[in-house]
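Each chain, written out:
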Amino acid sequence: MAPPPAAARSVVVIGGGFVGRCCAWLLSRRGHEVQLIDGGQPAGVRGGSEAALGLLMADVYRRRSGRGWRLRQHSLALLEQWQGLLAAAGQPVELRRGLLLLAHDGDDWQRQQALVCRSGASGPPLELRTASALEGLEPALPRGALGGIWSPRDGQLDPSRWGEALECDGRAHGLNLQHEPVEHLEPAPGPSGRWRIRMAGGAQLSADKIVVAAGLGSAPLLETLGIELPLEPVLGQALELELAASTPELWPGSLVWRGINLVPRPQRRLWIGATLEPGESASPDALTNLANLQGDAPTWLRQASTVRQWQGLRVRPVGQPAPVLIEPRPGLLVSTGHYRNGILLAPASAAWVAEQIEA
Ligand SMILES: Cc1cc2nc3c(=O)[nH]c(=O)nc-3n(C[C@H](O)[C@H](O)[C@H](O)COP(=O)(O)OP(=O)(O)OC[C@H]3O[C@@H](n4cnc5c(N)ncnc54)[C@H](O)[C@@H]3O)c2cc1C
């Protein structure tokens, strides 16, 4: 990590999801004076970070250039660096490497072969696995897999453990955490260029810079300044299964089948989560489809019992690419719209915020 900037800034980060935490932690580590404010979700709603499975899909991304590719690669490198920093600070966190992206039809399989070919010798270390090579894997894969890509650098992290470690280490570097919704933002009067924040309880704060990383709460906050940012909620559901004692030990990495993520967990547990579901209310049919992998679940998976199920909402930007990383007013930074891959993209988004603050 680069040395602290010559001019430390006072910064308020609004939103304590994974995106806000990464941002607040990085800024504290870089010597800024940071307040992280999280208002909590309305009753019955989980934010994206509380629901996320933590899959990291950077090298298997379908493109090899452009903003999405650069952000993913930057994040993957940062996660490794941050893991080292957190471990050295007594906050060990895991990066469980290895991801198998399965092909479910001929077009998908062709795309995968083209992707590995395009990656070439200098690209990410992706390996093609044919259907016959996958047949021997235990326990059996979803029915009908035509092949897949094995990506040794992609994988999974536990968002809640990482969030906790970032918070603890951030506190050791001066990070201050407050639990109260922010209600209003405005430029401070006079020429200082500072910002003023009003909390729901009426208290006021001021800071040199504001970072809005409030997921679903981002658009209403920006509206108080007359800034329109169209965002729509996107639902995702997940399950934790307990596997029968006879099930062989799960594969060494995570698995993706038709947009459904399967994450092996300790003690014969498995997380299964879908990335996208229309609307804001969870559909029981979508959950059933998830549990049986759209009808392709192998026998051992059908025999597993559900120990927990949950859902979460995150926001998708309308009419612009995700994530939204903008500075709509001097000193007001927005890092939101992480509706997919938000856990993966959070470190690169935090790096962007730090760059703007120190520019
Ligand atoms: C089921 C599911 C599985 C997923 N799996 C993955 C995955 O495997 N890999 C991956 O990379 N991504 C995954 N995602 C996506 C990921 O969860 C999101 O992209 C990411 O969590 C978004 O984080 P965030 O910090 O922007 O938002 P959030 O987690 O929603 O956090 C926003 C925070 O802002 C706070 N807030 C809102 N308004 C205010 C206010 N006015 N004042 C103060 N605080 C406020 C809220 O309390 C909340 O804590 C998944 C999502 C779901 C639903």
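Residues numbered from 1 in each chain as written. Predicted model: local features only at pLDDT ≥ 70, side-chain atom pairs only at ≥ 80, totals over all residues. Heavy atoms only, no water.

Visitor: What am I meant to see in helix H4 (residues 106-119) here?
Guide: The periodicity of an α-helix, 3.6 residues per turn, causes residues three or four positions apart to be oriented the same way. The end-to-end C-alpha distance of H4, which contains 14 residues, comes to 20 Å, matching closely the 20 Å that a straight helix rising 1.5 Å per residue would cover. Listing the buried residues of H4 in full gives Asp108, Trp109, Gln112, Leu115, Val116 and Ser119. Each buried residue of H4 lies within a common arc of 120° when the element is viewed along its axis, so the set occupies one face. Residues of H4 that are exposed and point over 90 degrees away from its buried face: Gln110, Arg111 and Cys117. Residues of H4 that are buried in the fold lie against strand E4 (96-103), strand E5 (127-130) and strand E6 (147-156). If you check the start of H4, you find a side-chain oxygen 3.2 Å away from the backbone N of Asp107, and it comes from Asp105. (Helix = DSSP H or I, 4+ residues; strand = E, 2+ residues; numbered from the N terminus. Expected span 1.5 Å × (residues − 1). Buried < 20%, exposed > 50% of the residue type's maximum accessible area, 1.4 Å probe, protein only. Arc of directions from axis to C-beta. Contact = heavy atoms within 4.5 Å. Polar contact = N/O pair within 3.5 Å; in protein donor to acceptor, adjacent residues only side chain to side chain.)

Visitor: I keep staring at the packing of helix H3 (residues 67-88) against helix H10 (residues 342-358) and nothing clicks. Help me out?
Guide: Axis angle and axis distance: for two packed helices, these are the angle between their axes and the distance between the axes, and together they describe the pair. At a minimum axis separation of 7 Å, H3 and H10 run at an interaxial angle of 90°. On the basis of their axis angle, the class for H3 and H10 is roughly perpendicular. Here Leu71, Arg72, His74, Ser75, Leu76, Leu78, Leu79 and Trp82 of H3 lie close against H10, whose contacting residues are Leu344, Leu345, Ala346, Pro347, Ala348, Ala350 and Ala351. Here the contact of H3 with H10 is built from residues that sort into 12 nonpolar, two polar and one charged. (Axes fitted to C-alpha atoms, helices over the stretch in contact; angles between N-to-C directions. Parallel < 35°, antiparallel > 145°, perpendicular 65-115°, else oblique. Nonpolar A, V, L, I, M, F, W, Y, C, P; charged D, E, K, R; others polar.)

Visitor: Is there a simple way to explain the domain arrangement of the chain in this structure?
Guide: Think of interface size as the accessible area that goes away when the parts come together; that is how it is often given. With domains assigned, the chain is organised as domain 1 (10-57 + 160-230 + 318-358) and domain 2 (94-155 + 232-317). Here the C-alpha centroids of domain 1 and domain 2 sit 30 Å apart. Each partner contributes residues to the interface: domain 1 has 26 residues there, and domain 2 has 27 residues. For the domain 1 and domain 2 pair, buried surface summed over both sides reaches about 2100 Å², with 68% attributable to carbon and sulfur atoms. At the boundary of domain 1 and domain 2, one finds zero salt bridges. (Domains from an automatic or database assignment. Buried area = accessible area lost by both parts, 1.4 Å probe. Salt bridge = Lys/Arg side-chain N within 4 Å of Asp/Glu carboxyl O.)

Visitor: Would you mind going over the side chain of Gln237 with me for this structure?
Guide: Looking at the element boundaries, Gln237 is found in strand E12 (residues 231-242). Separated by 3.1 Å, the side chain of Gln237 and the backbone oxygen of Ser283 make a polar contact. Ignoring sequence-local partners within four residues, the contact set of Gln237 consists of Ile272, Gly273, Ala274, Glu277, Ala282, Ser283, Ala286, Leu287, Leu290, Trp310 and Gln311.

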